[in-house]
Amino acid sequence: MPPFLVLLLLPFAWLYAGVMAVRNWLYDRGLKSSFAFDTPVISVGNLRVGGTGKTPHVAWLVAELQAWGAKPAILSRGYGRSTKGFRLADAAATAAAIGDEPLQHYQDFGGQIPVAVAEDRRAGLTQLLATRPDLTTVVLDDAYQHRRVRPTLSILLTEQQRPFYTDYVLPAGRLRESRAGAHRADAVIVTKCSEKLTPAEREEITRNVRRYARPHVPVLFSTYTYGEPIAVGSQKKPPGIDIVLLTGIAQPEPLRAYLAAAGYRIRHHASFHDHHAFTAAEVAAVAAQLQPGHCVFTTQKDAVRLLEPALRAAVVQLPVFYIPITVQFLADDATRLRQLLSPYFQPQAVV
């Protein structure tokens, strides 16, 4: 955003930040109720709107808890869905019914992990735990500002390239609340980092984060690992290096950078806003961009929406592939995160 526009919008940002500060003060003083559950709850969220990497970090946490022998579940708001209230994912679930990210989680774990959605996370947790009393922990996806639930552990994500401590509150910037909101975090993960991030750069980022977070809160660093393209349609392997990129995510730049570094040539990029519900006309327009030897690359979250019932028949006829993403922590930060988790989520012997 141009600096002059930021300055113009700052008074509105201060007003919005003030409203959020009063709200947080009421929760902090107990004047608004916040409920803690007996079952351990991990909240994963951010201060900034969109694109900090919540989905792969939630997947990392759930896989880690599974490896310990725990019985985790995921509860999300289900952003972008056409339904309301509590819904538990099943084999018939669609992105329209529960949201693209919850459906991705459900599919990633083969339906073996309960994935539920509810805009009211307190009511959703209550119903989820009543439905599945065997659960030993619940991971809340994108719930940092949902103060009605008091999590056992709160993890705040922020991008290396767009850290919260350089941003402003809406509408002058992209923060949902002021930078001071970082003080609620039990750990801060700086995401989408360069693998070449130096110790000196890490230390500088840590100092900036700790201007707002509590003293001694762990500041951890993670990066993305991109996998081989996975077929969405009938064609099993990309025919070449010329691609049409199709994205409906908040931050497509890291994917573009990876593809360029991997030797792919992006001939056209059809870019839409985050959680965009693709239409048949848009799929046809992308197909029209394909030349002989070209294929379509997209993200896993976008692939979930492309395979909605109304689009599936057309999409599977095209050479469409998604690029899977996993989280990898830098240095010994995975061990540090496990140490932070272990007092609350003791590893159990897998029988």
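Residues numbered from 1 in each chain as written. Predicted model: local features only at pLDDT ≥ 70, side-chain atom pairs only at ≥ 80, totals over all residues. Heavy atoms only, no water.

**Quick look at the overall build of the chain**
No. 1: When helices and strands are counted, the chain shows 11 helices and 14 strands.
No. 2: For the chain, the spread of C-alpha atoms along the three principal axes comes to 65 × 55 × 40 Å.
No. 3: Counting only residues that meet the buried cut, the chain has 53% of its 351 residues in that class.
No. 4: In the chain, once contacts between residues fewer than 6 apart in sequence are set aside, the share between residues at least 24 apart is 80%.
No. 5: Positive and negative side-chain charges of the chain, numbering 38 and 29 respectively, have mean locations separated by a distance of 3 Å. (Helix = DSSP H or I, 4+ residues; strand = E, 2+ residues; numbered from the N terminus. Buried < 20%, exposed > 50% of the residue type's maximum accessible area, 1.4 Å probe, protein only. Contact = heavy atoms within 4.5 Å. Lys, Arg positive; Asp, Glu negative; His and termini not counted. Charge placed at Lys NZ, Arg CZ, Asp CG, Glu CD.)

**With respect to the UniProt feature "binding site: ATP" (unreviewed entry) in the chain**
No. 1: Per the UniProt record, "binding site: ATP" (unreviewed entry) is found at Arg48, Val49, Gly50, Gly51, Thr52, Gly53, Lys54 and Thr55.
No. 2: Its place among the elements puts Gly51 in the loop between strand S1 (41-46) and helix H2 (54-67).
No. 3: A relative accessible area of 17% means that Gly51 is categorised as buried.
No. 4: Non-local contacts of Gly51, meaning those with residues more than four positions away in its chain, are made with Glu159, Lys192, Ala250 and Gln251.
No. 5: Here Gly53 lies in the loop between S1 and H2.
No. 6: Not counting chain neighbours up to four residues away, the residues in contact with Gly53 comprise Leu157, Lys192 and Tyr224. (UniProt positions renumbered as here; feature names shortened; annotations may be inferred.)

**Thoughts on unusual backbone geometry**
No. 1: Following Leu170, the chain continues into Pro171 via a peptide bond in cis, with omega recorded as 0 degrees.
No. 2: Note that Pro171 resides in the loop between strand S6 (153-159) and strand S7 (187-191).
No. 3: Phi is positive for Lys192, close to 55 degrees, though the residue is something other than glycine.
No. 4: For Lys192, the location among the structural elements is in the loop between S7 and helix H6 (199-209).
No. 5: Accessibility expressed as a relative area gives 16% for Lys192, which makes it buried.
No. 6: The phi angle at His216 is positive, at roughly 70 degrees, despite the residue not being glycine.
No. 7: Residue classification places His216 among the exposed positions, given a relative accessible area of 73%.

**Considerations on the sheet that holds strand S9 (residues 230-231)**
No. 1: If you trace the 5 strands from one edge of the open sheet to the other, you get S9-S13-S12-S10-S11, paired in mixed fashion. Of all the strands in the sheet, just S9 and strand S11 (265-271) have a single pairing partner and so form its edges.
No. 2: Contacts from helix H7 (residues 253-261) reach strand S10 (242-247), S11, strand S12 (295-299) and strand S13 (320-323), with the element oriented near 170 degrees to S10.
No. 3: Against the sheet, helix H8 (residues 280-289) touches S10, S11 and S12, its axis set at about 165 degrees to S10. (Pairing = 2+ DSSP bridges. Axes fitted to C-alpha atoms, helices over the stretch in contact; angles between N-to-C directions.)

**A word on the packing of H2 against helix H11 (residues 333-341)**
No. 1: Between H2 and H11, the least distance of the axes is 12 Å, while the angle of their chain directions is 65 degrees. Taken as a pair, H2 and H11 cross one another with a handedness that is right-handed. In this structure, H2 contributes Trp60, Leu61 and Glu64 to the contact, and H11 contributes Ala334, Leu337, Arg338 and Leu341.
No. 2: Its residues placed into classes, the contact of H2 with H11 shows 5 nonpolar, no polar and 2 charged. (Left-handed = near helix turned anticlockwise from the far one by under 90°. Nonpolar A, V, L, I, M, F, W, Y, C, P; charged D, E, K, R; others polar.)

**What to know about the nonpolar core**
Nonpolar side chains in soluble globular proteins tend to end up buried together.
No. 1: One finds Ile42, Leu61, Leu259, Phe297, Leu337 and Leu341 to be the most contacted residues of the largest nonpolar core, which totals 48 residues.
No. 2: A total of 6 residues in this core trace back to one element, the largest contributor, which is H2.
No. 3: Counting the residues that make up this core, at least three belong to each of domain 1 (3-225 + 329-345) and domain 2 (230-323).
No. 4: When near neighbours in sequence (up to four residues on either side) are disregarded, Leu337 contacts Trp60, Leu61, Ile155, Ile189, Leu220 and Phe329. (Core = buried A, V, L, I, M, F, W, Y, C linked by side-chain atoms within 4.5 Å. Domains from an automatic or database assignment.)

**Considering helix H4 (residues 100-108)**
In an α-helix there are 3.6 residues to a turn, and that puts residues three or four apart on one side.
No. 1: Counting buried positions along H4 gives 7 out of 9 residues, so the element sits mostly inside the fold.
No. 2: Along H4, the residues that are buried comprise Asp100, Glu101, Pro102, Leu103, Gln104, His105 and Tyr106.
No. 3: Where H4 is buried, its residues touch H2, strand S2 (72-76), helix H3 (95-98), strand S4 (115-117), strand S5 (137-141) and helix H9 (300-306).
No. 4: Once H4 finishes, Gly110 follows within two positions and takes phi at roughly 60 degrees, a positive value.

**What about the sheet that holds S4?**
No. 1: The 9 strands lie next to each other as S3-S4-S2-S5-S1-S6-S7-S8-S14, forming an open sheet whose pairing is mixed. With partners counted over all chains shown, the strands left at the sheet margins are strand S3 (87-88) and strand S14 (325-329), one partner each.
No. 2: Relative to S14, strand S8 (residues 219-226) runs antiparallel, the two sharing 5 bridges. Looking at the pairing, Tyr226 lines up with Ile325 of S14.

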